[in-house]
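# Descriptive analysis of the structure
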Amino acid sequence: MQKTLWALIVLLCAAAHPVWGAEDPIVAAMKATEKTDYDLPPLKGRNRSLLRWEDTNGVLDISRWIVERDLRDLEPGWKVRQRLAASPERVGKVISCIGDCKIYRGVHPTRARWLSRIEEGDEIHTGVNSYLWAALIDGTLVRIAPESSVGFLEVNIAANEVFFQARLHQGYVHWQPRTGRAQKTMTAPETDPLFLPLMDPTVNLEWFQRAVYQGQSDQQQILLTTSPKLLGYEQQQQALNALTATNNSFANRSHRYLLVSPNGSVLGQDVALSYFYGVSKKSYFKLNSRDEEEVGERKTPWTAEFHFRGYANDKVEPITQGQWFSVEADGRAMEALTGVPSDLAVSELMTKRIPSFMLVRERWLASAKPFWDDAESAAILAQNWGYRLWGVELESRLAFLKEYTRRLETTGLRSLDKLIKETQVEGGPVLGEFDGRYFARSLDHYYLSFKRRHNHSKESVRDMSFLHYYGWMLRNAKQQ
């Protein structure tokens, strides 16, 4: 009886593992479809299996398993997770935070600030009067307004594109992919000066002002001081366009994203998006055209479509640029706004001219050139960086996400509606309405920047040595 039982175990193990027997036909079929990691190189910091297959006898030893289980139970939980859990892929980094910004990785938040990592599964929360700029790994810029929450769910790198999935839990977000096109020459000042100066000394306007001013004679310096022209702005744009052209040699993948909110999703490619979601209220979104600000041809045509809510409602509607849309609270209807509320129109101003943020994005992208060079090979990308290079199965993944998010968010909307009806206090605050809280502090600072443009403290930066300038930057950079 014991010999029969042992023989049965050996046969089952031989069928389950190719080392002991012929390869299972199902596994062989899965290999050919690119839908499994069997034939992919192991990712950096990850193992294919927790079992030690080189010790074939020990794998089936239950006594050994009991001892190992007891030892693991004695270890602190974080050590076990650190050794066994897969390393998350990096989505991007924080450029700057104004106010109270937190990154939630699980249930333990950390404060978001310059260079804070954003990984798959992280959620960013901004408090009252708090703002955040971030750059994703492919150069996409993301601006999160006050009292907002955004989850960065996944990033998938393919041969010709980079795909992101994110969820707007509440609030207002601006999503601006990198186009690789040159910026037109502008003389107007930057529109989001609340964050300035940034912590990179070489991207700020003052850096270029010092270079221009200190290279002139005394007489020419006097003329520059009295000139109404914004000093250094032209040189900053030239540096931005030059670095952008250099990075285009390797940063040439298109950008596709699925931005999910409870009452609707936008699937876009190479097009900027501003989206507001209010709890149990209408949502508003707009595709922002950059054609009036950029020159050159697009690397790929832009596309965008809206996905509705409802268990059986698989309707998809194309979206046009330059038009605000409103979405009903239940996610079953959408319409173009004929009259745009003033608050929505004003909110667009903050992201209109942002050369400093674009320049720091390009500098980060240039430093990541070895990563994108390795991204041409699935084996090298996996072994050196821990990322998987997706193939044709990315479309299957996207098809699943469309259906899955529609059903999941529809269920969530129904539960949320029931909860609000049960807990709403009569005369309490109105939830989910768009108003000035999402841009007021930033707008006030923009107007004040005109008033402070020629004050002594601003103009004195031109005469500073690099050491004094660096100290001025550290003192004035608003890293809370």
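Above this note sits the structure.
### A short note on the overall build of the chain
For the chain, the helix and strand inventory stands at 16 helices and 20 strands. Counting across all 480 residues of the chain, residues that qualify as buried make up 44%. In the chain, the share of contacts with a sequence separation of at least 24, taken over all contacts with a separation of at least 6, comes to 70%. For the chain, the exposed surface amounts to about 24,500 Å²; the carbon and sulfur share of it is 57%.

### What about the environment of Val155?
The topology assignment puts Val155 in strand β8 (residues 149-158). Taking C-alpha positions, Val155 is 7.0 Å from Glu120, a pair spaced 35 residues apart along the chain. Every residue in contact with Val155, bar those within four places of it in the chain, is listed here: Glu89, Arg90, Val91, Glu120, Ile137, Val162, Phe163, Phe164 and Tyr387.

### Quick word on the side chain of Ser265
The residue Ser265 is located in strand β12 (residues 264-269) in this model. Assessed through its relative accessible area of 1%, Ser265 is described here as buried. At a separation of 2.7 Å, a polar atom in the side chain of Ser265 contacts the side chain of Arg309. When near neighbours in sequence (up to four residues on either side) are disregarded, Ser265 contacts Leu258, Leu259, Val260, Glu305, Phe306, His307, Arg309 and Thr405.

### Topic: the pattern of salt bridges
Under the defined criterion, the tally for this structure stands at 26 salt bridges. The partner of Arg143 in a salt bridge is Asp192, with the nearest N and O atoms 2.9 Å apart. Of the two residues, Arg143 is situated in strand β7 (residues 141-144) and Asp192 in the loop between β10 (182-183) and α6 (205-214); the sequence distance between them amounts to 49 residues. Across this residue pair, the class does not change: Arg143 and Asp192 are buried. Lys282 is paired through a salt bridge with Glu328; the nearest N and O atoms lie 3.7 Å apart. Taken together, the residues Lys282 in the loop between β13 (272-277) and β14 (283-288) and Glu328 in the loop between β18 (324-327) and β19 (334-336) connect sequence positions 46 residues apart. A relative accessible area of 32% means that Lys282 is categorised as partly exposed. On the basis of relative accessible area, Glu328 is assigned to the partly exposed category, the value being 29%. Residues joined in a network through salt bridges with shared partners are Arg105, Arg117, Glu119 and Asp122.

### So, the environment of Lys281
For Lys281, the location among the structural elements is in the loop between β13 and β14. In the structure, Lys281 is positioned 49 residues away from Asp330 in sequence and 8.5 Å away in space, judged by C-alpha atoms.

### Section: the packing of aromatic side chains
Within the structure shown, the criterion is met by 27 aromatic pairs. The interplanar angle of 75° and the centroid separation of 5.4 Å between the aromatic rings of Tyr172 and Phe434 together place this pair among those described as edge-to-face. Separated by 262 residues along the polypeptide, Tyr172 in strand β9 (residues 161-176) and Phe434 in the loop between α13 (393-423) and α14 (440-451) bring together distant segments of the chain. Like Phe434, Tyr172 is buried. Plain terms: the ring middles of Trp175 and Tyr257 are 5.7 Å apart, the flat faces sit at 40° to each other, and that makes the pair tilted. Within this pair, whereas Trp175 is found in strand β9, its partner Tyr257 is found in strand β11 (residues 254-261), the two being separated by 82 residues in sequence. Across this residue pair, the class does not change: Trp175 and Tyr257 are buried. A connected cluster of aromatic rings, assembled from ring pairs, spans Tyr172, Phe276, Tyr284, Phe434, Tyr438 and Phe439. Here Lys93 stacks its cationic end above the ring of Trp364, 4.3 Å away from the centre of that ring. Here the basic side chain of Lys315 rests over the ring of Phe308, its NZ or CZ set 5.0 Å away from the ring centre.

### A look at a nonpolar patch on the surface
A cluster of nonpolar side chains, Ile62, Trp65 and Ile66, forms an exposed patch at the surface whose accessible area comes to about 350 Å². On the secondary structure map, Ile62 appears in helix α4 (residues 62-74).

Quick notes on the rules
- Residues numbered from 1 in each chain as written.
- Predicted model: local features only at pLDDT ≥ 70, side-chain atom pairs only at ≥ 80, totals over all residues.
- Heavy atoms only, no water.
- Helix = DSSP H or I, 4+ residues; strand = E, 2+ residues; numbered from the N terminus.
- Buried < 20%, exposed > 50% of the residue type's maximum accessible area, 1.4 Å probe, protein only.
- Contact = heavy atoms within 4.5 Å.
- Areas by Shrake-Rupley, 256 points an atom, 1.4 Å probe, with all protein chains shown as cover.
- Polar contact = N/O pair within 3.5 Å; in protein donor to acceptor, adjacent residues only side chain to side chain.
- Salt bridge = Lys/Arg side-chain N within 4 Å of Asp/Glu carboxyl O.
- Phe/Tyr/Trp six-rings, centres within 6.5 Å; stacked < 30°, edge-to-face > 60°.
- Lys NZ or Arg CZ within 6 Å of the ring centre and 35° of its normal.
- Patch = residues over 30% accessible without salt bridge, like charges linked within 9 Å, V, L, I, M, F, W, Y side chains within 5 Å.

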